[in-house]
Number of protein chains: 2
Amino acid sequence: MNDAVSSSTTSFAPEIEFWFDFGSNYSYLSVMRIEALAAAHGVRIRWRPFLLGPVFRDLGFTNSPFVLQKEKGAYVWKDMERQCRKYGIPFMRPGTFPRAALLAMRVALLGADRQWMAAYCRKIMQLNFADDRDIGSAEVVSEALEELGLPAQQIIADSQGDANKLRLREQTETAAARGIFGAPTFFVGEEMFWGNDRLDDALEYCDSTGTAQ
Amino acid sequence: MNDAVSSSTTSFAPEIEFWFDFGSNYSYLSVMRIEALAAAHGVRIRWRPFLLGPVFRDLGFTNSPFVLQKEKGAYVWKDMERQCRKYGIPFMRPGTFPRAALLAMRVALLGADRQWMAAYCRKIMQLNFADDRDIGSAEVVSEALEELGLPAQQIIADSQGDANKLRLREQTETAAARGIFGAPTFFVGEEMFWGNDRLDDALEYCDSTGTAQ
């Protein structure tokens, strides 16, 4: 749980923590948008994959609120179509929602500090929300890594190690402990911003904190 | 229930339907913003007060989700502070939330097509979300109307007539029938937009529909 205070360590660039799950449709929008926006603000992205399912269950939800509340669910897919059109992001409603993608998430945790992280996340998200592929399968995760020119089998094997599995559970517990109740969620220091609709505000808040670059 | 199709009647200006409840904090943001924004787009506002409480109850909620989900509730008030600062809107967290304001809502329904509607709505909303006054009381509603130079007692009496009471119940049923699950909600024709965060998108959608002015 020491993770909870890691954002307060000294850094030379302002930092935004990006908490997300590959099954989350609004996380898709942020995965596709955050790199260019963060670069424009001179902000470093700290990628924080976590499992939204256990967080929802802790809050008493047996599934995504978009599934449990059919009126909201019906709206959300219309909203996604419009939002994707607005941002120029491809979109096709997934045949399964929400898609559990445990292996893909473990790979994301392993890759969080690696050069390929952003491209990997975009690839997995597009497979889910633009190509309607089953990102829960090892084949699709492997395909995604290979298309990025990465050693897929090695990365997948590493991601399935006990230490990495445990870290993903711990990161999910940290999410709950910090008050996260949905995804995407952003933190700038201890200031929390929920939803793709607050990504720009979170980055503007980075500017206002005036961390030396 | 004929109300449900009223937006398709011929009109010379594009129109945005604004569905709101005085107890809803995100409706506060839209009440304070919509007039200037709609004017800038040349869009007419169709004010649609409805009772969010019965809609929530129909959906299975015993209270506002911001009360039922304490993590989300804690976040929402931080978000409101930041949003109000961003838009230059005064804010003080109400001592009671959500505030039922049946009389104020009945007056809003009565005033929906009158010149004083926008100013009245802003006044009631500010009393609730900036001054922490009990907008559920007849005294506060009366004070609001008087400050606008209106015949408070006459308006209040009219609003309590059976026909107006029934209309508010019907308008609330129409809201549910149209798939509304929260407030504020906007309609442009049959296109639904949920939340203050989508007000700008809804107005841009008005532009794109190309209704002759």
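Okay, so let's go over this structure. The structure displayed is predicted, hence computed values, not measured ones. (Residues numbered from 1 in each chain as written. Chains lettered and ligands numbered in written order. Predicted model: local features only at pLDDT ≥ 70, side-chain atom pairs only at ≥ 80, totals over all residues. Heavy atoms only, no water.)

### A closer look at the overall build of chain A
Next up, step 1: Of regular secondary structure, chain A possesses 10 helices and 4 strands.
Next up, step 2: Element order for chain A, N to C, with α for helix and β for strand: β-α-β-α-α-α-α-α-α-α-α-β-β-α.
Next up, step 3: Computed over its C-alpha atoms, the radius of gyration of chain A comes to 16 Å, within 12% of the 17 Å expected for a compact globule of 213 residues.
Next up, step 4: The principal-axis extents of the C-alpha atoms in chain A amount to approximately 45 × 40 × 35 Å.
Next up, step 5: The buried share of chain A, taken over its 213 residues, is 53%. (Helix = DSSP H or I, 4+ residues; strand = E, 2+ residues; numbered from the N terminus. Rg over C-alpha atoms; globule rule 2.2 N^0.38 Å. Buried < 20%, exposed > 50% of the residue type's maximum accessible area, 1.4 Å probe, protein only.)

### Some points on the environment of A74(A)
Next up, step 1: Secondary-structure assignment places A74(A) in helix α4 (residues 70–87).
Next up, step 2: For the pair A74(A) and A130(A), spaced 56 residues apart in the sequence, the C-alpha separation amounts to 18 Å.

### Some points on the sheet that holds strand β3 (residues 185–188) of chain A
All names here are of chain A.
Next up, step 1: Reading across from one edge, β2-β1-β3-β4 is the order of the 4 strands in this open sheet, with mixed pairing throughout. Sheet topology places β2 (44–49) and β4 (191–194) at the edges, where each strand pairs with a single neighbour. Recorded for the sheet is a direction-independent mean angle of 25° between the axes of neighbouring strands.
Next up, step 2: The sheet contact formed by β3 and β4 spans 4 bridges and is antiparallel. Its bridge partner lying in β4, F186 is registered against F193. (Pairing = 2+ DSSP bridges. Axes fitted to C-alpha atoms, helices over the stretch in contact; angles between N-to-C directions.)

### Side note on the pattern of salt bridges
Next up, step 1: Considering all chains together, one arrives at 30 salt bridges over all chains under this definition.
Next up, step 2: R82(B) is paired through a salt bridge with E191(A); the nearest N and O atoms lie 3.1 Å apart. Highlighted residues: R82(B) in helix α4 (residues 70–87) and E191(A) in strand β4, drawn from two different chains.
Next up, step 3: The salt bridge partner of R44(B) is E15(B), with a shortest N-O separation of 2.5 Å. (Salt bridge = Lys/Arg side-chain N within 4 Å of Asp/Glu carboxyl O.)

### Quick notes on the packing of helix α1 (residues 25–41) of chain B against helix α6 (residues 117–129) of chain B
Residues and elements named next belong to chain B.
Next up, step 1: Relative orientation of the contacting elements α1 and α6 amounts to 140°, with a least axis distance of 10 Å. In this structure, α1 crosses over α6, and the sense of that crossing is left-handed. In this structure, α1 uses N25, S27, Y28, V31, M32 and E35 to contact α6, whose residues at the interface are A118, C121, R122, M125, Q126 and F129. (Left-handed = near helix turned anticlockwise from the far one by under 90°. Contact = heavy atoms within 4.5 Å.)

### What to know about the interface of chain B and chain A
Next up, step 1: Taken together, the contacts link 21 residues of chain B with 21 residues of chain A.
Next up, step 2: Summed over both partners, the interface of chain B with chain A buries about 2100 Å², with 49% contributed by carbon and sulfur atoms.
Next up, step 3: Considering only the surface of chain B that becomes buried against chain A, Y75(B), R82(B) and R198(B) emerge as the three largest contributors, covering 27% of it.
Next up, step 4: Our count for the chain B to chain A interface comes out at 8 salt bridges.
Next up, step 5: Along the contact surface separating chain B from chain A lie 16 residue pairs in polar contact (both at pLDDT 80 or more).
Next up, step 6: Residue assignment for the side of chain B that touches chain A shows that the elements contributing at least two residues are α4 and β4 (191–194) of chain B.
Next up, step 7: Class assignment for the residues of the side of chain B that touches chain A results in 7 nonpolar, 3 polar and 11 charged. (Buried area = accessible area lost by both parts, 1.4 Å probe. Polar contact = N/O pair within 3.5 Å; in protein donor to acceptor, adjacent residues only side chain to side chain. Nonpolar A, V, L, I, M, F, W, Y, C, P; charged D, E, K, R; others polar.)

### Here's the deal with the relation of the copies chain B and chain A
Next up, step 1: When chain B is brought onto chain A, the operation consists of a screw motion whose angular component is 180° and whose axial shift is 0.0 Å, with 0.0 Å RMSD remaining. What the superposition gives is, in effect, a two-fold axis relating one chain to the other. Across chain B, the smallest distance between a C-alpha and the rotation axis is recorded for D197(B), namely 3.6 Å.
Next up, step 2: Looking at chain B, 100% of its interface residues are interface residues in chain A too, so the copies touch through the same face. (Least-squares fit on C-alpha atoms with pLDDT ≥ 70 in both.)

### Notes on the packing of helix α5 (residues 102–111) of chain B against α6(B)
Residues and elements named next belong to chain B.
Next up, step 1: Interhelical geometry of α5 versus α6 gives an angle of 165° and a closest axis separation of 10 Å. As the angle between them shows, α5 and α6 are arranged roughly antiparallel. Of the two elements, α5 crosses α6, and the hand of that crossing is left-handed. From α5, A104, V107, A108 and G111 reach across to α6, where they touch M117, Y120 and I124.
Next up, step 2: A class-by-class count of the residues in the contact of α5 with α6 yields 6 nonpolar, 1 polar and no charged. (Parallel < 35°, antiparallel > 145°, perpendicular 65-115°, else oblique.)

### Regarding the side chain of R33(A)
Residues and elements named next belong to chain A.
Next up, step 1: The residue R33 is located in helix α1 (residues 25–41) in this model.
Next up, step 2: R33 gets classed as buried once you look at its relative accessible area, which sits at 10%.
Next up, step 3: Here N196 takes part through its side chain, which lies 2.9 Å from a polar atom of the side chain of R33.
Next up, step 4: For R33, the residues in contact, after removing those within four places along its chain, are Y87, I89, N196, L199 and D200.

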